[in-house]
Amino acid sequence: MKQNKFSILKRIKSFGFAFNGLKILIKEEHNARVHLIAAISVILAGLYFDITMMEWLAVSFAIGFVITIEIINSAIENISDFISPEKNDSIKKIKDLAAAGVLMSALTALVIGLIIFIPKISILI
Ligand SMILES: Nc1ncnc2c1ncn2[C@@H]1O[C@H](COP(=O)(O)OP(=O)(O)OP(=O)(O)O)[C@@H](O)[C@H]1O
């Protein structure tokens, strides 16, 4: 890696590139939109049920975890398509593994959501 001098301007630019990544995610990745809608719904449910600070910590971590894994999955999908636009068994394995990462993160978030919200919803019923 090149040894460059530290520059505030360059750090600010890096933030810009990262925000551009978020823009690409929302514009091009349909699964990310689904996760975003789920995240907004959970935040609204958290406000409605007035969940505790610890519960907000768990919910925030779950949301951040799923979106982060979704971003990594999208990057892997894009690099895979760039390297091999044609069908390839190794690319299939790589993409399926990345998709499994998203599935695991979403299931983890679902379990956290169920633990927090089922008792609160059951009181209403
Ligand atoms: N180049 C390829 N070679 C072999 N299999 C592929 C290839 N591209 C995709 N696949 C298979 O198709 C599945 C879906 O790939 P795709 O890139 O469409 O992911 P997706 O999650 O459905 O994408 P999207 O984010 O567009 O919904 C992969 O998990 C893999 O099994």
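Residues numbered from 1 in each chain as written. Predicted model: local features only at pLDDT ≥ 70, side-chain atom pairs only at ≥ 80, totals over all residues. Heavy atoms only, no water.

## Quick notes on the overall build of the protein chain
Note the threshold: The way it works is that DSSP assigns letters per residue, a run of H or I at least four long becomes a helix, a run of E at least two long becomes a strand, and they are numbered from the N terminus. Relative accessibility under 20% of the residue-type maximum defines a buried residue, over 50% an exposed one, and the middle range a partly exposed one, all with a 1.4 Å probe and only protein chains included. Contacts: residue pairs with any heavy atoms within 4.5 Å of one another. Surface accessibility follows the Shrake-Rupley procedure with a 1.4 Å probe radius. Residue values consider only the protein chains on display as shielding. When charges are tallied, Lys and Arg are placed among the positive residues and Asp and Glu among the negative ones, while His and the ends of the chain are skipped. To locate a charge, the coordinates of NZ of Lys, CZ of Arg, CG of Asp or CD of Glu are taken.
If you tally the helices and strands in the protein chain, you get 4 helices and 0 strands. In terms of overall dimensions, the protein chain has a C-alpha envelope of 55 × 45 × 25 Å along the principal axes. Relative to its 125 residues, the protein chain shows a buried fraction of 18%. For the protein chain, the proportion of contacts with a sequence separation of at least 24, taken over those separated by at least 6, is 70%. Carbon and sulfur atoms make up 73% of the accessible area of the protein chain, which totals about 9800 Å². Within the protein chain, one finds 13 positive and 10 negative side-chain charges whose respective centroids are separated by 12 Å.

## Topic: the nonpolar core
The condition is simple: We call a set of buried residues a nonpolar core when its members are Ala, Val, Leu, Ile, Met, Phe, Trp, Tyr or Cys and they connect through side-chain atoms within 4.5 Å of each other.
Ranked by size, the top nonpolar core spans 6 residues in total: A39, I51, V59, I63, I116 and F117. Elements with a minimum of two residues in this core: α3 (53-83) and α4 (89-124). Residues contacting I51, with those up to four places away along its chain left out, are G46, W56, V59, I116, F117 and K120.

## What about the UniProt feature "binding site: substrate" (unreviewed entry) in the protein chain?
To be explicit about the condition: UniProt positions are given in the numbering used here, feature names are shortened, and annotations may be inferred rather than shown by experiment. Here a polar contact is recorded for every N or O atom pair within 3.5 Å, except that within protein the pair must consist of a potential hydrogen donor and a potential acceptor, and residues adjacent in sequence are included only if both atoms are side-chain atoms.
The UniProt record annotates "binding site: substrate" (unreviewed entry) at E70. With respect to the element layout, E70 can be found in helix α3. In this structure E70 comes out as buried when scored by relative accessible area, which is 2%. Among all residues touching E70, those that are not within four sequence positions of it are L25, N31, A32, H35 and V102. Side chain to side chain, E70 and H35 meet in a polar contact 3.0 Å long.

## Details of the packing of helix α1 (residues 8-28) against helix α2 (residues 30-48)
Selection rule: Convention adopted: a line fitted to C-alpha atoms gives each axis, helices being fitted over their contacting stretch, and angles between N-to-C directions are expressed from 0 to 180 degrees. Reported orientations rely on four angle classes, namely roughly parallel under 35 degrees, roughly antiparallel over 145, roughly perpendicular from 65 to 115, and oblique for the rest. Residue polarity follows a fixed list, in which Ala, Val, Leu, Ile, Met, Phe, Trp, Tyr, Cys and Pro are nonpolar, Asp, Glu, Lys and Arg are charged, and the others, Gly among them, are polar.
Running from N to C, α1 and α2 cross one another at 95°; their axes reach a closest spacing of 6 Å. One finds that α1 runs roughly perpendicular with respect to α2. Touching L25, I26, K27 and E28 of α1 are H30, A32, R33 and L36, all from α2. Partitioning the contact of α1 with α2 into residue classes produces 4 nonpolar, 1 polar and 3 charged.

## Remarks on the UniProt feature "transmembrane region" (unreviewed entry) in the protein chain
Here, the residues flagged by UniProt with the feature "transmembrane region" (unreviewed entry) are residues 32-51, 57-76 and 97-118. Helix makes up 100% of residues 57-76 and strand 0%. Its end C-alpha atoms lie 28 Å apart.

## Looking at the site of the ligand
Here is the rule we go by: What makes a residue near a molecule or strand is one non-hydrogen atom of that residue sitting within 4 Å of it.
Taken together, E29, E77, S84, E86, K87, N88, I91, K92, K95 and D96 are the residues near the ligand. Interatomic distance of 3.0 Å between a side-chain N/O atom of K92 and an oxygen atom of the ligand. Calculation on the ligand without its partners gives an accessible area of 620 Å², and the protein chains cover 63% of this total. No other element matches the 4 residues that α4 contributes to the shell around the ligand.

## Description of α3
Going by this rule: Expected span, for any helix, means 1.5 Å times one less than how many residues it has.
Its 31 residues place the ends of α3 45 Å apart at the C-alpha level, agreeing with the 45 Å of an ideal helix rising 1.5 Å per residue. Among all positions of α3, only E55, V59, A62, I63, V66, E70, N73, S74 and S80 are buried. Those residues of α3 that are buried lie in contact with α1, α2 and α4.

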